[in-house]
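Residues per chain, in single letters:
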Amino acid sequence: MMKKMSISTSKTSLVLFLCQIISALDVPLDSKLLEELSQPPTITQQSPKDYIVDPRENIVIQCEAKGKPPPSFSWTRNGTHFDIDKDAQVTMKPNSGTLVINIMNGGKAEAYEGVYQCTARNERGAAISNNIIVRPSRSPLWTKEKLEPNHVREGDSLVLHCRPPVGLPPPIIFWMDNAFQRLPQSERVSQGLNGDLYFSNVQPEDTREDYICYARFNHTQTIQQKQPISVKVFSMDSLNDTIAANLSDTDIFGAKPVTERQPVLLTPTGSTSTKVELRGNVLLLECIAAGLPTPVIRWIKEGGELPANRTFFENFKKTLKIIDVSEADSGNYKCIARNALGSVHHVISVTVKAAPYWITAPRNLVLSPGEDGTLICRANGNPKPSISWLANGVPIAIAPEDPSRKVDGDTIIFSHVQERSSAVYQCNASNEYGYLLANAFVNVLAEPPRILTPANKLYQVIADSPALLDCAYFGSPKPEIEWFKGVKGSILRGNEYVFHDNGTLEIPVAQKNNAGTYTCVARNKLGKIQNEVQLEIKDPTMIIKQPEYKVIQRYGQVSFECIIKHDSTLLPTVTWLKDNDELPDDERFLVGKDNLTIMNVTDKDDGTYTCIVNTTLDSVSASAVLTVVAAPPTPAIIYARPNPPFDLELTGQLERSIDLSWLPGDENNSPITSFVIEFEDALHEPGVWRYQTEVPGSQTTAQLKLSPYVNYSFRVIAVNRIGRSQPSEPSEQYLTKSASPDENPANVQGIGSEPDNLVITWEPLKGFQSNGPGLQYKVSWRQKDVDDEWTSVIVANVSKYIVSGTPTFVPYEVKVQALNDLGYAPEPSEVIGHSGEDLPMVAPGNVQVHVINSTLAKVHWDPVPLKSVRGHLQGYKVYYWKVQSLSRRSRRHVEKKILTFRGNKTFGMLPGLEPYSSYKLNVRVVNGKGEGPASPDKVFKTPEGVPSSPSFLKITNPTLDSLTLEWGSPTHPNGVLTSYTLKFQPINNTHELGPLVEIRIPANESSLILKNLNYSTRYKFYFNAQTSVGSGSQITEEAVTIMDEAMASRQVDIATQGWFIGLMCAVALLILILLIVCFIRRNKGGKYPVKEKEDAHADPEIQPMKEDDGTFGEYSDAEDHKPLKKGSRTPSDRTVKKEDSDDSLVDYGEGVNGQFNEDGSFIGQYSGKKEKEPAEGNESSEAPSPVNAMNSFV
């Protein structure tokens, strides 16, 4: 229910109702009333303060105002009166103050540049506009300049300056090429805020002659173009070529390669800079860096975070943009440019100033004679703005005196005003960044009450809905409004009504008995007036038989019912929809009075059908789904949930009970077993339904228990073995009377949050548990076991109360009792709580440590006295840490460990200790507040343990019978090392282990040479360290001795033996002789395989004999397609030349590549599959075979 609102009976001297209505932002008064009331001028429309105009068009300076009588207008220009009658180019619009300066017929805009101000005046005062600065826009041309080409080395940075002409307003800058295509930008190439084009590093593809900067002047819709800029990038390859040909090593370009460079800021320069921005504007900060690779920009705010939801990054994160800045955004902003070689940063100190802005702008006052009022003008800014007042456009210091007016800084106080006190006041708030000007009038009127709502207006509402009865009024002084029911009824009061400031009477839950005539009375000291309105309460429209889900066979007939119940005075209209759209335009659809029938059903009729019932006051609807199937349904009985009950009715209304009856819906072949009744409390929890009770399915009435101060409505749900039905429509509402609470808050607790307080908390009662208005709680407490009286306090709308000044951790009895406007709940039960805890005062004593072994110790302590705990004892914490290792005597970073022992335990185990180390520990008691002081540090030492494995084992320098072993000491010796143990045994080719040999080595040794080992044998080694406690874990390694030198000499490659070399030379000589014989026979034309092929098949590749030198072309073998080397044929005298013989041997040798040396010997290599060369070392004792030797012959 809405909170009750009442009309104050005291006079008000501030903003009255007329002021709100006359304001352009509020609902206007009746037009006839506006015509009758006098009103000072109000500026309704004006041109902006900074007014930039197009010099090619007429200048229109706006100034519109309203008032009664209509105001007249005048203008000043540059502080002096502007006589528009003397300037033929200037006219003022009729019934308006708007100036029109004719530029298109010969006038020049520059001649009318200046500061203009409009004044609107009538007999009640004068309002003024802002100072309007009129300036024509400018779009000048670029100055002529000679642009030299830019020659840049690849990888260097480059800045192309735009330097656009100064325009009004400033132009928008962009870069394009000759084809009017925007130049692509990236992290490497981008445009700065000043319009310059920055290259972090240039690349060869940046070479072009048409870098063109454009300036667009939006106001005049013109674009100016700078002369094209040429950029030539010299790549390092071309530079090196050029340098080699033309330049010396000391020339400017040099022959250095492209080198990567750390970032350097191109803009801004230096390490710091400053920036001032105005509140509410957009802050733009920029950092552009050179470097190779291209640097990446990151932004941070020193000492704070960048504002969320207002921070944006633009131009590839080179620009930081913060919108709607405020003073809180002042500070140091750091940009960091980073690449793989380093970083550079720049800090921008930002200061946010503020032009004046309103805190409280003055508002129009409507007063009656003799009343008081104030005009308040409060503004803020940075720096703080100064406030000045004007009256009717004249500084108030020189304005005509008004005895009812007193100026007090930013406030004008009016006392006992008269009609002559009407005026328009201007407040000016200004600082170096701007000004604010506000007009506010004081209108002194004496008007008797008027009621603007038509007489005998009829209001019709549906039962249980809100009813709003209007009583729009006006008067000066502001009238008081009272409502009566009936002509002679008593004044309306109580929780069932809400009275709004605009005169409207609201009945939140209108019932039948609220129907009738209501009278609104408006009165002030000048008179009284009343008006009657009529209220009718109508029954709600209900669908008592809703359409149901249907499954129908194709080409069948189906009908949906929609039976309604409505108020007899309302005319309902029933509309059917299919799938939330109109029914198809099909004669098969027949709409009856209370049903929809579909004939000859088809598949496209499948869907959801909705019945909508509308009256002039309400609307209800219900839907059902139609499913079209091909086959007829099976004859089996279909069981479904029951349909919802309907036609709920309330009877036998009493304070704590009511009778509810209903009609059951269709049970759908499954008997209804029970009905569940739920209720809604529209007063406290509208829309929330709660369980009330459940009755057997044979029962259709129930007597329901009620709680006071609840606006009940009920609904019923039917249940069968299939499930629950949909809820029924709600019953009518029933508001029970108020009563004192029946119950007290639950879960009352008393727990202190500080050492000197007690926090009492409880679960507040729900709305329907309050039993009446004005729900409060009586909170009581007293110290337990002390003969004290109860201390109580009454609170509301809270679920916690803090009692301060209590002793530390003492028990208290607390209780919380509910009460409302009608009385108290029953006496509550008491609970025991405690005031707040404080840190324990005493440390545990007699701390003893018993070392169990090298990694485990047991600690004992005496418990502290419970009084010194000063809170709930939670346990003890043992802090322990390693001081140093006794074996190394080296300290390290102390890492404290903590073990917590719950409850009043006085001992604990410390696991995971390191052997042979010195430890310290202390013990602290813990309560709910925290830890107490630590006991004195207790030192204890752990005994030695077995060491870890040696850190490494390396085996080097293998010989025939010896190996060198090197090792590192254990990472964790865990005591004093006494010795090392080395065990080793041989491993044969079948991986069987031989006898194990063990050697004891002194602890100070780190290497050992093992001698008298077998040659070419693999050994496995086991190595560990010992302390006095025992042996640690071992490390293993394997190694091999090298082969015996005598056996190695016997296994020399056979290819190095003299007899084998002689044999091979003889074989080669025989082959050579055979080849020579074959070659001679070939030249004689004898029959041999090649000659037979030539005779049988003329080779087309044989070239004819050349006439100049008598030689033939190349010969091609058709079988292997290997071309013969080009050479001379045998001469006619049959003699064989040496070079001919050489060529023929090579060409016909199959798989032999060789030639004769100067001494006539043949060097070559036999063809065949070449075996893989043996790996280094003597992995195998097997001798090489003769075949291998031949293949390796050279």
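Not measured: the values here are computed from a predicted model.

A.B. asks: Please set out the overall build of the protein residue by residue, giving values where relevant.
C.D. replies: For the protein, the helix and strand inventory stands at nine helices and 87 strands. With 1194 residues in all, the protein has 40% of them scored as buried. Here the contacts in the protein between residues at least 6 apart in sequence split such that 64% fall between residues at least 24 apart. Per element, the accessible surface of the protein, about 65,100 Å² overall, is 51% carbon and sulfur.

A.B. asks: Got a sec to walk through the pairing of strand β57 (residues 646-651)? Specific residues and values, please.
C.D. replies: Two strands pair when backbone bridges link them, and β57 and strand β58 (residues 657-663) are joined in this way by four bridges, in the antiparallel orientation. Of the residues in β58, the one forming a bridge with Glu649 is Ser661. The loop that links β57 with its antiparallel partner β58 comprises five residues; one of these, Gly652, has a positive phi angle of about 60°.

A.B. asks: Give me the lowdown on the nonpolar core, citing residues and values where you can.
C.D. replies: Ranked by internal contacts, the top residues of the largest apolar core, which has 27 residues, are Ile59, Ile61, Trp75, Ile101, Tyr116 and Val134. Listing elements by their share of this core, those giving two or more residues are β2 (50-53), β3 (59-61), β4 (63-68), β5 (72-77), β8 (99-101), β9 (114-122) and β11 (132-136). Ranked by the residues each element gives to this core, the list is headed by β9, at three residues. Filtering out sequence-adjacent residues up to four positions away, Ile101 remains in contact with Asn58, Ile59, Ile61, Gln89, Val90, Tyr112 and Tyr116. Ile451, Ile481, Tyr518 and Ala522 belong to the second-largest nonpolar core, a separate cluster that totals 22 residues.

A.B. asks: Pulling in residues and values, what's your account of unusual backbone geometry?
C.D. replies: Cis rather than trans, the peptide bond between Thr267 and Pro268 has omega equal to -5°. Within the element layout of this structure, Pro268 appears in the loop between β20 (261-267) and β21 (272-278). One non-glycine residue, Asn669, lies in the positive phi region at around 70°. Within the secondary structure, Asn669 is located in the loop between β58 and β59 (674-681). Residue class for Asn669 comes out partly exposed when judged on its relative accessible area of 46%.

A.B. asks: Report on the side chain of Asp618, specifying residues and quantitative values.
C.D. replies: One can find Asp618 in the loop between β55 (607-614) and β56 (619-629). Put simply, Asp618 is tucked away with no salt bridge, and the nearest opposite charge, on Lys512, sits 11 Å away. Within the local environment of Asp618, its side chain forms a polar contact with the backbone nitrogen of Thr541, the two atoms lying 2.9 Å apart. Looking at Asp618, its side chain comes within polar contact range of the side chain of Thr615, at 2.4 Å.

A.B. asks: Can you tell me about the sheet that holds strand β79 (residues 950-956), naming the residues and giving the values?
C.D. replies: Sheet architecture is open: three strands sit in the order β79-β80-β83, paired in antiparallel fashion. A single partner strand is all that each edge strand has here, and the edge strands are β79 and β83 (1007-1010). Adjacent strand axes in the sheet meet at a mean angle of 20° when their direction is disregarded. In the sheet, β79 pairs with strand β80 (residues 963-970) via six bridges, with the strands oriented antiparallel. Counterpart to Ile955 in the pairing with β80 is Leu965.

A.B. asks: Provide a residue-level description of a nonpolar patch on the surface, including the pertinent values.
C.D. replies: Side chains of Trp1059, Leu1063, Val1067, Ile1071 and Leu1075 sit close together on the surface and give an oily, nonpolar patch of about 430 Å² of accessible area. Note on placement: Val1067 falls in helix α6 (residues 1058-1084). A relative accessible area of 30% places Val1067 in the partly exposed class.

A.B. asks: So what's going on with the state of the cysteines? Residues and values would help.
C.D. replies: With the rule as written, the count across this model stands at six disulfides. Cysteine pairing for the protein, with bonded cysteines counted in sequence order: 1-2, 3-4, 5-6, 7-8, 9-10, 11-12.

A.B. asks: Residues and numbers for the sheet that holds strand β36 (residues 423-431), please.
C.D. replies: Ordered by their spatial adjacency, five strands build an open sheet running β29-β37-β36-β32-β33, and the pairing between neighbours is mixed. Both outer strands of the open sheet, β29 (365-367) and β33 (394-395), are each paired with one neighbouring strand and no more. Here two bridges tie strand β32 (residues 386-391) to β33, and the two strands are oriented antiparallel to one another. Bridge pairing in β33 links Ala391 to Val394.

A.B. asks: Can you break down the packing of aromatic side chains residue by residue, with the values?
C.D. replies: Inspection of every chain in the model, using the stated rule, returns 21 aromatic pairs. Ring geometry for Phe414 and Tyr425: centres 5.5 Å apart, planes at 65°, overall edge-to-face. Of this pair, Phe414 sits in strand β35 (residues 411-414) while Tyr425 sits in strand β36; the two residues are 11 residues apart in sequence, bridging distant segments of the chain. As far as burial versus exposure is concerned, Phe414 and Tyr425 are alike and both buried. Ring pairing ties together the aromatic residues Phe174, Phe180 and Tyr214, which thus form one cluster.

A.B. asks: Would you mind going over the pattern of salt bridges in detail, with residue names and values included?
C.D. replies: According to the stated counting rule, one finds 38 salt bridges in the structure shown. Across the pair Glu145 and Lys226 runs a salt bridge whose closest N-O atoms are separated by 2.4 Å. Of this pair, Glu145 sits in the loop between β11 and β12 (150-153) while Lys226 sits in the loop between β18 (222-225) and β19 (229-234), and the two are 81 residues apart along the sequence. Look at Lys226 and you get buried, because its relative accessible area is 3%.

A.B. asks: Which residues make up the confidence of the model for the protein, and what values go with them?
C.D. replies: On average, residues of the protein score 83 in pLDDT, and 84% of them are at 70 or above. Predicted confidence is poor over residues 1-29, with pLDDT under 50, and the contacts of this stretch with residues over four places away or in other chains come to 65 contacts.

A.B. asks: Please set out the environment of Ser415 residue by residue, giving values where relevant.
C.D. replies: Examined against the element boundaries, Ser415 turns out to sit in the loop between β35 and β36. Taking the relative accessible area as the measure of exposure, Ser415 reaches 35% and is therefore partly exposed. It is 6.6 Å that separates the C-alpha atoms of Ser415 and Glu371, two residues lying 44 residues apart in sequence. For Ser415, the contacting residues outside a window of four places in its chain are Glu371, Asp372 and Ser404.

A.B. asks: Give a description of the environment of Asp324 that names residues and reports values.
C.D. replies: With respect to the helices and strands, Asp324 occurs in the loop between β26 (319-322) and β27 (331-339). Note: C-alpha distance between Asp324 and Leu283 (41 residues apart in sequence) is 8.0 Å. In this view, Asp324 contacts Gly280, Asn281, Arg310 and Asp329; residues no more than four positions away in its chain are not counted.

A.B. asks: Got a sec to walk through the environment of His219? Specific residues and values, please.
C.D. replies: Locating His219 in the fold gives a position in the loop between β17 (208-217) and β18. On the basis of relative accessibility, which here comes to 34%, the residue His219 falls in the partly exposed class. Separated by 49 residues in sequence, His219 and Pro170 have C-alpha atoms that sit 9.8 Å apart. Sequence-distant contacts of His219, that is, excluding residues within four places in its chain, are made with Ile52, Val53, Asp54, Arg56, Ser137 and Pro169.

A.B. asks: With reference to specific residues and values, describe the side chain of Arg124.
C.D. replies: Within the secondary structure layout, Arg124 lies in the loop between β9 and β10 (125-128). Residue Arg124 is classed as buried on the basis of its relative accessible area of 11%. A polar side-chain atom of Arg124 sits 2.8 Å from a polar atom in the side chain of Asn443. If sequence neighbours within four positions are ignored, Arg124 has contacts with Ser38, Gln39, Pro40, Lys68, Glu419, Ser422, Ala423, Val424, Asn443, Val444 and Leu445.

Criteria and thresholds
Residues numbered from 1 in each chain as written. Predicted model: local features only at pLDDT ≥ 70, side-chain atom pairs only at ≥ 80, totals over all residues. Heavy atoms only, no water. Helix = DSSP H or I, 4+ residues; strand = E, 2+ residues; numbered from the N terminus. Buried < 20%, exposed > 50% of the residue type's maximum accessible area, 1.4 Å probe, protein only. Contact = heavy atoms within 4.5 Å. Areas by Shrake-Rupley, 256 points an atom, 1.4 Å probe, with all protein chains shown as cover. Pairing = 2+ DSSP bridges. Core = buried A, V, L, I, M, F, W, Y, C linked by side-chain atoms within 4.5 Å. Lys, Arg positive; Asp, Glu negative; His and termini not counted. Salt bridge = Lys/Arg side-chain N within 4 Å of Asp/Glu carboxyl O. Polar contact = N/O pair within 3.5 Å; in protein donor to acceptor, adjacent residues only side chain to side chain. Axes fitted to C-alpha atoms, helices over the stretch in contact; angles between N-to-C directions. Patch = residues over 30% accessible without salt bridge, like charges linked within 9 Å, V, L, I, M, F, W, Y side chains within 5 Å. Disulfide = S-S within 2.5 Å. Phe/Tyr/Trp six-rings, centres within 6.5 Å; stacked < 30°, edge-to-face > 60°. pLDDT = per-residue confidence, 0-100.

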